[in-house]
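Given next are the chains, with one letter for each unit.
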Amino acid sequence: MQCDTDSALEYITIEQISEFLSNPASLIVSPDRSQFFEYESVSLSCEVQGNSAGWRVVRNTSRGNLSDCDTDWGKQQGSSCIVSLKPSDSGVYWCESGSGEHSNAVNITVHAGAVILESPALPVTEGDSVTLRCRYQRTPSDLTADFYKDGSLIRAETTGEMTIPAVSKSDEGLYKCYNSEGESPESWMTVTEKSRGADPVYSAVKTSNTTGTVVDLVQVM
C-alpha cells in the first residue's frame, strides 16, 4: 500500500465493529430451553450493556397479542419476569427499550402433552457439546427415544437423550423427539460461528526512497 500523505492512519478490529453493531441487550431464559410443560415456570430477564433502565420483557403470542410482562401475563420480580406457563403463553419473547431498541428473540413453546424436547432456547456456539433430552411428564417404563431433525430420523437412544459432542453449522435445524409416551413439538436450534481470536492490528511505517515516500502496513498484534 502506498500513500503520499503524512497524516496518521488509524485502524479498528472487526471485533470492535461487531461489538458496536451488536444488540445492546440479551434475553436470558432460565432454564435455558425452548419447550416447557403446562404449569412449569420460566424466568426471563434482560441482560443490558450499560444502563438497564427502561428495558422490559415483551412477547407476541400466536394470537397476535403484543404485550409486556406484568400486564395480563408474568410477574415482575426485580429484574426478572416470572411466567407460570400455559399453552396460550407459547410465542416469541424479547427485550425492548423505551426508545425501540431490542434484544435477540426467543421462541417458547408450552406443551399440554406428555413429551417435550429439552433443547437450548439460546444459540449454541460451534464446537460446543450439546445434549438434547426427550423429557416425559411422568416417569416412563422405557427411556428409548427417537430424535428427528428437519423431519428425518437421525438417532435412536435408549437413554432418552442425544449428545452432539461438537456442534457445527450443519447441526442447525428443527428438532423433535418421539417415544411410546408421545411426540414432542418441534424447536429450532441455532448454531453460531465460533469467535475468532483478535484480528490483527497494523501500524503504518513510512520509508523514503528516490521515488518518494512509501507507507507499509506492519502487523503489530
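Up top is the structure these notes are about.
Residues numbered from 1 in each chain as written. Predicted model: local features only at pLDDT ≥ 70, side-chain atom pairs only at ≥ 80, totals over all residues. Heavy atoms only, no water.

(A) Structural view of the overall build of the protein chain. When helices and strands are counted, the protein chain shows one helix and 21 strands. Counting every position in the protein chain, which comprises 221 residues, the buried fraction comes to 34%. A separation threshold of at least 6 residues defines the contact pool for the protein chain, and within that pool the share at least 24 residues apart is 57%. With an accessible surface of roughly 12900 Å², the protein chain has 48% of that area assigned to carbon and sulfur atoms. (Helix = DSSP H or I, 4+ residues; strand = E, 2+ residues; numbered from the N terminus. Buried < 20%, exposed > 50% of the residue type's maximum accessible area, 1.4 Å probe, protein only. Contact = heavy atoms within 4.5 Å. Areas by Shrake-Rupley, 256 points an atom, 1.4 Å probe, with all protein chains shown as cover.)

(B) Just the pairing of strand S16 (residues 173-179), in detail. Within S16, five of the seven residues are buried, leaving the element largely enclosed by the surrounding structure. Relative to S16, strand S13 (residues 145-149) runs antiparallel, the two sharing four bridges. Note that in S16 the partner of Asp-146 across the bridge is Tyr-178. Pairing between S16 and strand S18 (residues 187-189): three bridges, direction antiparallel. In the sheet register, Leu-174 faces S18, and the bridge partner there is Trp-188. Bridge count between S16 and strand S17 (residues 182-183): two bridges; the pairing is antiparallel. Across the sheet, the residue bridging to Tyr-178 is Glu-183, located in S17. (Pairing = 2+ DSSP bridges.)

(C) The arrangement of the state of the cysteines in detail. A full pass over the atoms with the stated rule returns three disulfides. A sulfur-sulfur separation of 2.2 Å characterises the disulfide bridge that pairs Cys-46 with Cys-95. The S-S bond linking Cys-46 to Cys-95 shows a torsion near -105 degrees; that makes this disulfide left-handed. Placement of Cys-46 in strand S3 (residues 41-48) and of Cys-95 in strand S8 (residues 91-96) is noted, with a sequence separation of 49 residues between them. Cys-46 sits in the buried class, given a relative accessible area of 18%. Here Cys-134 is linked by a disulfide to Cys-177, with a sulfur-sulfur distance of 2.1 Å. (Disulfide = S-S within 2.5 Å.)

(D) Quick peek at the nonpolar core. Counting residues in each nonpolar core, the largest one holds 22 residues, and the members touching the most others are Leu-27, Val-29, Leu-44 and Val-57. If you list the elements that add at least two residues to this core, you get strand S1 (25-30), S3, strand S7 (80-84), S8 and strand S9 (102-111). At four residues, S3 tops the list of elements feeding residues into this core. Not counting residues up to four positions away in its chain, the partners in contact with Leu-44 are Leu-27, Ile-28, Val-29, Val-57, Ser-79, Ser-80, Cys-81, Val-83, Tyr-93 and Ile-108. (Core = buried A, V, L, I, M, F, W, Y, C linked by side-chain atoms within 4.5 Å.)

(E) Examining the environment of His-111 more closely. Looking at where His-111 falls in the secondary structure, it is placed in strand S9. Residues His-111 and Tyr-39 lie 72 residues apart in sequence; the distance between their C-alpha atoms is 9.6 Å. Once you skip the residues sitting within four places of it in the chain, His-111 turns out to touch Phe-36, Phe-37, Glu-38, Ile-116, Glu-183 and Pro-185.

From the geometry alone we can't say anything about function, so treat these as descriptive.
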